[in-house]
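Here's the letter readout for the chains.
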Amino acid sequence: MDGRLLLLLHVLALLLLAVVVAAGGGAVVGRDSAVLQLRELQWGSSGQVRYSQSKHFEKKMTGEHKKAAAAARTRTRSTTVLELKHHSLTAIPDHPAAQETYLRRLLAADEARANSLQLRNKAAFTQSGKKATAAAAAAAAGAEVPLTSGIRFQTLNYVTTIALGGGGSSRAGAGNLTVIVDTGSDLTWVQCKPCSVCYAQRDPLFDPSGSASYAAVPCNASACEASLKAATGVPGSCATVGGGGGGGKSERCYYSLAYGDGSFSRGVLATDTVALGGASVDGFVFGCGLSNRGLFGGTAGLMGLGRTELSLVSQTAPRFGGVFSYCLPAATSGDAAGSLSLGGDTSSYRNATPVSYTRMIADPAQPPFYFMNVTGASVGGAAVAAAGLGAANVLLDSGTVITRLAPSVYRAVRAEFARQFGAERYPAAPPFSLLDACYNLTGHDEVKVPLLTLRLEGGADMTVDAAGMLFMARKDGSQVCLAMASLSFEDQTPIIGNYQQKNKRVVYDTVGSRLGFADEDCSYA
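Everything in this summary refers to the structure shown in the same document. Note that the structure is a prediction, hence the values are computed from the model and not measured.

**A closer look at the overall build of the protein**
When helices and strands are counted, the protein shows eight helices and 31 strands. Here the protein holds 525 residues, and 55% of them are scored as buried. Here the contacts in the protein between residues at least 6 apart in sequence split such that 72% fall between residues at least 24 apart.

Written out as structure tokens, the structure reads:
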């Protein structure tokens, strides 16, 4: 009997180890640390990176996921699944100096994005105490929507593909459009013909004349007034067009989006049919941009997944129930794809741990954004103490890359990370851009990384994946940095960026007012 019991306990221990390995993504050393293969951090890697101890789990779950995704596509009334990829339209340079310049631009853009999201208190001032630019002040007053300061050609935002137009016209109005996925934005917009000022994009411009289902929103529509003001900070303006050559006159509603970094999109507020994966939505309100400029890279525009009436989430709530989720892949190769799931059907997930939920908080001063409360934190299982822990209104944002923590919290996290990571005797390296805790890992193929866990209100937690803990500044591993940064002031808004959301199933339930997190391998290619 004792021998059978010992055998049973041994089998259970092995099963538990397999589950933990699958959940953590790496060669797991407990729940609080993981052995990370440094090649996973290399930018533009052409191959899929797999942790050595999770290959069996990966193969097994890939088959299950494909079956679930196929089944989900047949249930388009309840949910639909779209592919997510990194926004990287050109190859990352291989030359060390060129790559360093590339990454510095990436982090500079992300710093602009993060700064534009600081709308209150000391965010209106620079570190020298002087007032910020008029654009930033306008954003603080709610006249601007701080969306895309970090979105430029060379960045680590994520994109998906939609199809817009068609409507049975004999001309080909519908076409695939690559758009940036942004939870900090509401109005979805794309560049349109005839474009007076347009930046270069990879996809053909959307042509409204080729879609029989396209229609301009009239000036007296609620979408042109209250809804547009809530989504952009500025109500629509009206103009009369037509009337020549025997044609009738008509009034159109025009939108105008101006961002704190000088980027803008202006054009006609319109409706058309949009295809999202296996589903299509009629009468979708979007911006048909006729004048656009800024840091949008080669994409066709932007998908707004915020919280006001004109966001894609709100407009499709009758169809998808106001629930969406995504899984952001860690790998940066063009073949690595995650998923954006619209709807509450969980069959398309392949999460390795249960989804744990925390309360979703709304801030009337910043209506598009998703906030939550962080009640504590630990690094490598060791609790950290800081005055800034327990802060309310921590922003969860897919458009910011690097997580920003309150200065007291960042110092505590950095110190504990250095204590544990330094115990492995990795020499210090110079800071890189906004990242100031860097190490020389030359000659190491893998490293043991202590993981940051955020304790959330209600008992949920979010443990950062090993691939989200370190940022490789130099390809040879001589400068690898803790992938987090400090805010300038204690009372600014902390931001959980997409770099720390990798390999997570992140669920946004706007009806249930909750945010969910689970571990998931997000490379579906």
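**Let's talk about unusual backbone geometry**
A cis geometry characterises the amide bond from Lys 193 onward to Pro 194, with omega recorded as -10°. Mapped onto the elements, Pro 194 comes out in the loop between strand 6 (189-191) and strand 7 (215-216). One non-glycine residue, Ser 433, lies in positive phi territory at about 55°. As for its placement among the helices and strands, Ser 433 is situated in the loop between strand 21 (428-429) and strand 22 (438-439). At Asn 503, a residue that is not glycine, the phi angle is positive and equals roughly 55°. Locating Asn 503 in the fold gives a position in the loop between strand 29 (495-496) and strand 30 (504-509).

**Side note on the packing of aromatic side chains**
On inspection of all chains with the given rule, the structure shows 13 aromatic pairs. Pairing Phe 417 with Phe 421 gives two aromatic rings, centres 5.1 Å apart and planes at 25°, and the pair type is stacked. A residue pair is termed a helical-turn pair when its members lie 3 or 4 positions apart in one helix, as Phe 417 and Phe 421 do in helix 8 (residues 407-422) at four residues. The two residues Phe 417 and Phe 421 agree in class, both being buried. One aromatic cluster in this structure is built from Phe 324, Tyr 326, Tyr 370 and Tyr 508. In this structure, Arg 266 packs its charged tip against the face of Phe 264, placed 4.1 Å from the ring centre. Positioned above the aromatic ring of Tyr 357, the side-chain terminus of Arg 514 is 3.7 Å from the ring centre.

**Focus: the pattern of salt bridges**
Scanning the model with the defined rule gives nine salt bridges in all. The shortest N-O distance in the salt bridge between Arg 414 and Asp 436 comes to 2.9 Å. One end of the pair, Arg 414, is in helix 8; the other, Asp 436, is in the loop between strand 21 and strand 22, with 22 residues separating them in the sequence. Taking relative accessible area as the criterion, Arg 414 reaches 28% and is therefore assigned partly exposed.

**Remarks on the pairing of strand 17 (residues 374-379)**
Taken across its six residues, strand 17 has five buried, putting it largely inside the fold. The sheet contact formed by strand 17 and strand 24 (residues 452-456) spans five bridges and is antiparallel. Each bridged residue has a counterpart across the sheet, and for Val 374 the counterpart in strand 24 is Leu 456. In the sheet, strand 17 pairs with strand 18 (residues 382-384) via three bridges, with the strands oriented antiparallel. From the neighbouring strand, Ser 378 faces strand 18, where its bridge partner is Ala 383.

**A closer look at the state of the cysteines**
If you walk through the whole model with that rule in mind, you get six disulfides. Put simply, Cys 219 and Cys 238 are joined by a disulfide, and their sulfur atoms are 2.3 Å apart. Within this pair, whereas Cys 219 is found in the loop between strand 7 and helix 5 (226-232), its partner Cys 238 is found in strand 8 (residues 237-242), the two being separated by 19 residues in sequence. The exposure class assigned to Cys 238 is partly exposed, which follows from its relative accessible area of 46%. A sulfur-sulfur distance of 2.0 Å marks the disulfide that ties Cys 438 to Cys 481. Across the S-S bond of Cys 438 and Cys 481 the torsion is about 100°, and the bridge reads as right-handed. Placement of Cys 438 in strand 22 and of Cys 481 in strand 27 (residues 480-482) is noted, with a sequence separation of 43 residues between them. Grouping residues by exposure puts Cys 438 and Cys 481 together as buried. Here the bonded cysteines of the protein are numbered in sequence order, and their pairing is 1-8, 2-3, 4-6, 5-7, 9-12, 10-11.

The rules behind the values
- Residues numbered from 1 in each chain as written.
- Predicted model: local features only at pLDDT ≥ 70, side-chain atom pairs only at ≥ 80, totals over all residues.
- Heavy atoms only, no water.
- Helix = DSSP H or I, 4+ residues; strand = E, 2+ residues; numbered from the N terminus.
- Buried < 20%, exposed > 50% of the residue type's maximum accessible area, 1.4 Å probe, protein only.
- Contact = heavy atoms within 4.5 Å.
- Phe/Tyr/Trp six-rings, centres within 6.5 Å; stacked < 30°, edge-to-face > 60°.
- Lys NZ or Arg CZ within 6 Å of the ring centre and 35° of its normal.
- Salt bridge = Lys/Arg side-chain N within 4 Å of Asp/Glu carboxyl O.
- Pairing = 2+ DSSP bridges.
- Disulfide = S-S within 2.5 Å.

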